[in-house]
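Residue strings, one per chain:
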Amino acid sequence: MRVAWHLVLWRLGLAAAETQTSDAERECLAHHAAGRKRLVEVGVWHGVTTCVLRKAMASDGVLFAVDPYPVGRLGLSAQRLIARTELAKVPNGSVMWLRCTGAQAAERYAASYREAVDFVFIDADHSYEGLRGDWEGWSGLVAAGGIVALHDSRSSSSRRIDEAGSVVFTREVIVPDRRFATVDVVDTLTVLRRSP
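Residues numbered from 1 in each chain as written. Predicted model: local features only at pLDDT ≥ 70, side-chain atom pairs only at ≥ 80, totals over all residues. Heavy atoms only, no water.

Next up on the list: the pattern of salt bridges. Tallying each qualifying case throughout the model produces 10 salt bridges. One salt bridge in this structure joins K37 and D60, with 3.1 Å as the shortest N-O distance. Here D60 lies in the loop between α3 (48-56) and β2 (62-66) and K37 lies in the loop between α2 (23-33) and β1 (38-42), a separation of 23 residues in the sequence. Of the charged contacts in the structure, one is a salt bridge between E86 and K89, with a shortest N-O distance of 3.3 Å. Counted as one network, the salt bridges with shared partners bring together E129, R132 and E136. (Salt bridge = Lys/Arg side-chain N within 4 Å of Asp/Glu carboxyl O. Helix = DSSP H or I, 4+ residues; strand = E, 2+ residues; numbered from the N terminus.)

See below:
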């Protein structure tokens, strides 16, 4: 019932779209997405960070918004409705919606496009296996100098999440990956750049 109630409040302008990212994390994402032309966000939810990325990217950029958006008890995805409405308010570049998991989207992208992506934000399934699927799917599609940002990838002073699967996978697999170098850390966000 909480989802339906939030949808009603949002429609009436009495509630905002929700996000689990901090102001500082969103500022960091905007900084690294600035001027980028082929962006991917895995895990859109209400589209708050998607709007941030769309505002920051190049005016001729394309943002691939990836989320499976399961249908809820109302026969629709309230989160998808909110995200699509919020994104429509940002008139920069274009958005391609992919209603699937991050791993499935990476397979579709690799089969359909020749261009490498220059920015990927992963904020979806925070389990070890979930992040593994997203990382294995997208990391090889990132251009030299491209950025990968990972949410809930480390603990912060306000959120102790050391045992979360996404934190463990980031620590054990992603940070040691020689193809990438860590260039920024803000709260639970880790930002890496693909080596030339």
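And the narrative resumes.
This part is about the packing of aromatic side chains. Per the counting criterion, the structure on display carries six aromatic pairs. Their ring planes at 25° and their centres at 4.7 Å tell us that Y109 and Y113 sit as a pair that is stacked. An angle of 55° between the planes, with centres 5.7 Å apart, marks the rings of Y109 and W138 as tilted. You can see Y109 sitting in helix α5 (residues 102-112) and its partner W138 sitting in helix α6 (residues 128-138), a full 29 residues away along the chain. Each of the two residues, Y109 as well as W138, counts as buried. Taken together, the aromatic side chains of F64, Y109, Y113 and W138 make up a single cluster linked through ring pairs. (Phe/Tyr/Trp six-rings, centres within 6.5 Å; stacked < 30°, edge-to-face > 60°. Buried < 20%, exposed > 50% of the residue type's maximum accessible area, 1.4 Å probe, protein only.)

Our focus in this paragraph is the environment of A15. The topology assignment puts A15 in the loop between α1 (2-11) and α2. Along the sequence, A15 and W5 sit 10 residues apart, while their C-alpha atoms lie 9.9 Å from each other.

This part is about the pairing of β2. Regular strands have side chains that alternate between both faces of the sheet. By the criterion of burial, β2 is predominantly enclosed, with five of the five residues buried. Burial along β2 is two-sided: the residues V62, F64 and V66 and L63 and A65 are all buried. Pairing of β1 with β2, which is carried by five bridges, proceeds in the parallel orientation. Note that in β2 the partner of L39 across the bridge is L63. (Pairing = 2+ DSSP bridges.)

So, about the side chain of D152. Note that D152 resides in the loop between β5 (142-150) and α7 (165-174). Residue contacts for D152: discarding those within four places in its chain leaves Q20, H126, R159, I161, S166, V167 and T188. (Contact = heavy atoms within 4.5 Å.)

Another point: the packing of α5 against α6. At a closest axis distance of 8 Å, the pairing of α5 and α6 adopts a crossing angle of 15°. The angle between the axes of α5 and α6 places the two elements in the roughly parallel class. Along this stretch, α5 crosses α6, giving a crossing that reads as left-handed. Counted together, G102, A103, A105, A106 and Y109 of α5 and G133, D134, G137 and W138 of α6 form the full contact between these two elements. Within the contact of α5 with α6, the residues separate by chemical class into five nonpolar, three polar and one charged. (Axes fitted to C-alpha atoms, helices over the stretch in contact; angles between N-to-C directions. Parallel < 35°, antiparallel > 145°, perpendicular 65-115°, else oblique. Left-handed = near helix turned anticlockwise from the far one by under 90°. Nonpolar A, V, L, I, M, F, W, Y, C, P; charged D, E, K, R; others polar.)

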